[in-house]
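The lines below spell out each chain.
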Amino acid sequence: MIYIVDNISNYFIYLFIIHFGFRLNPRKNKFFIGASILTMLSAGAYNVYFDTNSPIIYILWSVLSICLFFEDRLWHLFILSAALMYFTGIIDTFSVMLIQVVLIGGGVGGTGITWWMEPAYLLSFLVYLLIYLRLFKKNDIYLGDIEFKYKFALLIQGSIFQMFYDYVFYFFNENHARYGLNAYAVFFISIAGTLYSIFLTLNLAIKNILSDRQSRELQSFMCMQKQQYDYQLQQSVAIRRFKHDLVNHIGVVRELINEKKTEEAKEYIDTIWNIQDVFDLKIHTGDSFLDIIVNYYLSLAVKENIEFAVLGKLTEKMPLEMFDITTLLGNILQNAFEAAIKADVPRIRVELVEHKEEIFIVVSNSVAKRINTKTDFFMTFKKDKENHGFGMKNIVATVEKYHGECYMESIVENREELFQISIAIPREKKG
């Protein structure tokens, strides 16, 4: 029976690491999930019947059960399962040795495969859980994001430590009575050092990812700023050209009036009016910097035949710094623009609502497909996923900076699929 329990313990460890570490989801077909569980239990039953723990059987059921359970490329699952078997085997070795040392020190005889293997698996799982909570979940990073050199370093590092501990444990098992408590202390400290080195390697890999992420976010922001600057520059050039020719235009109108050509003068004035209307800001929100961002995306929307509407107006400036306004509204409107352009009826709507203590910004856009807001909040559908997908995270981070609230949902309005993001930003306290 112990073989079946061992298989179940390993099985759940694999599922935990792959799902939470590599963000792979189970197959939607329950037949494959059932086949995965049956493969694992059958291997355990085989070991029970023949009273063996064959490495070949262990490898076969591990690889097959993982490939059946998760939805991904088979070659990727195969490599992943092989690497996991190797690495978890190393951690299990440390756990087993640790418990065996305790048993030997307590005078408990027998170091074969017995009941104490289960606490060893539990101890290993606690290590994985601690790594997930303290490193990956905390930094919103996953094992799949880590570069190959760090993953390979962990395997090599673990191999060296395992060979070392195999020798140390054999020596300790034969001579533990000679050295007493000092030997136990050294053994425990050395295992703690091993686990610390694993955490250190992972922490270094995560810092490298965070540094690259920050660099890409800064590049994305600078690109957004440049686009808005170019838009302002074009507007400024248009205004200077108009002012340069304004004297000539007034001269023409004056001559037409002197010649009493009233209709021609009116037509010429309308022409001049239409020219200045091109570079005049179409939307006024009440915040001059917000005007630039909104009018920039309005110009993009007009070029792509996207319906763009702004409802409401602010009576005072946004309680955000210029950098944060660009990060917040720039990312929201950029995402809305990229989603709306793919829809059958492209449209974007911005609503500005002032309350006594908060300013509400609600942006809705049409989408090509319904978005699952429980799973797709921070997903990017662009091909270059490594350099994109930060928009939503930056939006949430900016809202949290000002102690605001952010809510995203997929809604249906007039039988049309819309993605809507609602932002609430507290007003600055006066006095």
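For the structure given in this document, a descriptive report is provided here. (Residues numbered from 1 in each chain as written. Predicted model: local features only at pLDDT ≥ 70, side-chain atom pairs only at ≥ 80, totals over all residues. Heavy atoms only, no water.)

What follows concerns the overall build of the protein. Within the protein, the secondary structure is distributed over 11 helices and five strands. Buried residues in the protein amount to 42% of all 431 residues. Here the analysis covers contacts within the protein between residues at least 6 apart in sequence; of these, 74% occur between residues at least 24 apart. Summed over all atoms, the accessible surface of the protein reaches about 25400 Å², with 61% contributed by carbon and sulfur. (Helix = DSSP H or I, 4+ residues; strand = E, 2+ residues; numbered from the N terminus. Buried < 20%, exposed > 50% of the residue type's maximum accessible area, 1.4 Å probe, protein only. Contact = heavy atoms within 4.5 Å. Areas by Shrake-Rupley, 256 points an atom, 1.4 Å probe, with all protein chains shown as cover.)

Right, let's get into unusual backbone geometry. Glycine aside, residues mostly have negative phi angles, and peptide bonds mostly take the trans form. The backbone of R23 sits at a positive phi, close to 60 degrees, despite the residue not being glycine. By secondary structure assignment, the location of R23 is in the loop between α1 (2–22) and α2 (30–50). Positive phi values are uncommon outside glycine, yet H403 reaches one of about 55 degrees. With respect to the element layout, H403 can be found in the loop between α11 (391–401) and β4 (405–413).

Relative to the assigned elements, F70 resides in the loop between α3 (55–69) and α4 (74–105). Expressed as a C-alpha distance, the spacing of F70 and R27, which sit 43 residues apart in the sequence, is 5.3 Å. When residues no more than four places from it in sequence are discounted, the contact partners of F70 are L15, I18, H19, L24, N25, P26, R27 and L77.

We now examine the packing of aromatic side chains. This model, assessed by the stated rule, comprises 14 aromatic pairs. Each ring, one from F16 and one from F20, has its centre 5.1 Å from the other, and the planes form 40 degrees; the classification is tilted. Taken together, the residues span about one helical turn, with F16 and F20 both in helix α1 at a distance of four residues. On the basis of relative accessible area, F20 is assigned to the partly exposed category, the value being 34%. The structure contains a cluster of three or more aromatic residues connected by ring pairs, namely Y11, F12, F69 and F70. (Phe/Tyr/Trp six-rings, centres within 6.5 Å; stacked < 30°, edge-to-face > 60°.)

Considering the arrangement of structural elements, one finds E255 in helix α7 (residues 181–258). Its relative accessible area of 43% is what places E255 among the partly exposed residues. For the pair E255 and A265, spaced 10 residues apart in sequence, the C-alpha to C-alpha distance is 8.8 Å.

Counting 42 residues, the largest nonpolar core has I17, F70, F136, I146 and L202 as the members making the most contacts within it. Put simply, the parts of the chain that give this core at least two residues each are α1, α2, α3, α4, α5 (117–139), α6 (148–179) and α7. The residues contacting F136, other than those within four sequence positions of it, are I131, I141, Y142, L143, I146, L202 and I206. If you look at the next biggest cluster of nonpolar residues, it comprises 41 residues, including I332, I361, M392 and F419. (Core = buried A, V, L, I, M, F, W, Y, C linked by side-chain atoms within 4.5 Å.)

Attention now moves to the side chain of R427. Mapping R427 onto the fold places it in the segment after β5 (416–426). Here the side chain of R427 touches K356 through a polar contact of 3.5 Å, landing on its backbone oxygen. Apart from residues lying up to four places away in sequence, R427 is in contact with E316, P319, E354, H355, K356, E357, E358 and I359. (Polar contact = N/O pair within 3.5 Å; in protein donor to acceptor, adjacent residues only side chain to side chain.)

With that settled, the discussion passes to the environment of F323. Checked against the element boundaries, F323 lands in helix α10 (residues 322–340). Put simply, F323 and T398 are 75 residues apart on the chain and 10.0 Å apart in space, counted from C-alpha to C-alpha.

Moving on: helix α9 (residues 288–303). Its 16 residues give α9 an end-to-end C-alpha distance of 23 Å, which sits within 8% of 22 Å, the value for a rise of 1.5 Å per residue. Among the 16 residues of α9, 13 are classified as buried, and the element is accordingly described as predominantly covered. (Expected span 1.5 Å × (residues − 1).)

Here we come to the pattern of salt bridges. By the definition in use, this model includes eight salt bridges. A salt bridge links R349 to E413; the shortest N-O distance between them is 2.9 Å. Within this pair, whereas R349 is found in strand β2 (residues 347–354), its partner E413 is found in strand β4, the two being separated by 64 residues in sequence. Judged by its relative accessible area of 28%, E413 is partly exposed. When salt bridges that share partners are traced, they join E316, E354 and R427 into one network. (Salt bridge = Lys/Arg side-chain N within 4 Å of Asp/Glu carboxyl O.)

This part takes up a nonpolar patch on the surface. Taken together, the side chains of F148, F152, I156, I160 and M163 present a nonpolar region at the surface, about 570 Å² in accessible area. Inspection of the secondary structure puts F152 in helix α6. (Patch = residues over 30% accessible without salt bridge, like charges linked within 9 Å, V, L, I, M, F, W, Y side chains within 5 Å.)

What follows concerns the sheet that holds β4. The five strands are arranged β1-β2-β3-β5-β4 in an open sheet whose pairing can be described as mixed. Sheet topology places β1 (307–311) and β4 at the edges, where each strand pairs with a single neighbour. On average, adjacent strands in this sheet sit at an angle of 15 degrees to one another, irrespective of strand direction. Across nine bridges, the pairing between strand β3 (residues 358–366) and β5 is antiparallel. Looking at β5, one finds that I361 is bridged to I423. In the packing of α10 onto the sheet, contacts are made with β1, β2, β3 and β5, and the angle to β3 comes to roughly 20 degrees. Relative to β4, α11 is tilted by about 130 degrees, and along the sheet it contacts β4 and β5. (Pairing = 2+ DSSP bridges. Axes fitted to C-alpha atoms, helices over the stretch in contact; angles between N-to-C directions.)

Of the pairings in the sheet, the one linking β1 to β2 comprises five bridges and is parallel in character. Of the residues in β2, the one forming a bridge with L311 is E351. Taking the sense of rotation as the criterion, the β-α-β connection linking β1, α10 and β2 turns out left-handed. Sheet topology note: the β2/β3 ladder contains seven bridges and is antiparallel. When the bridges of β3 are listed, E351 appears paired with V362. Connecting β2 to the next strand, β3, in antiparallel fashion are three residues. (Right-handed = clockwise from strand over helix to strand, strands pointing away.)

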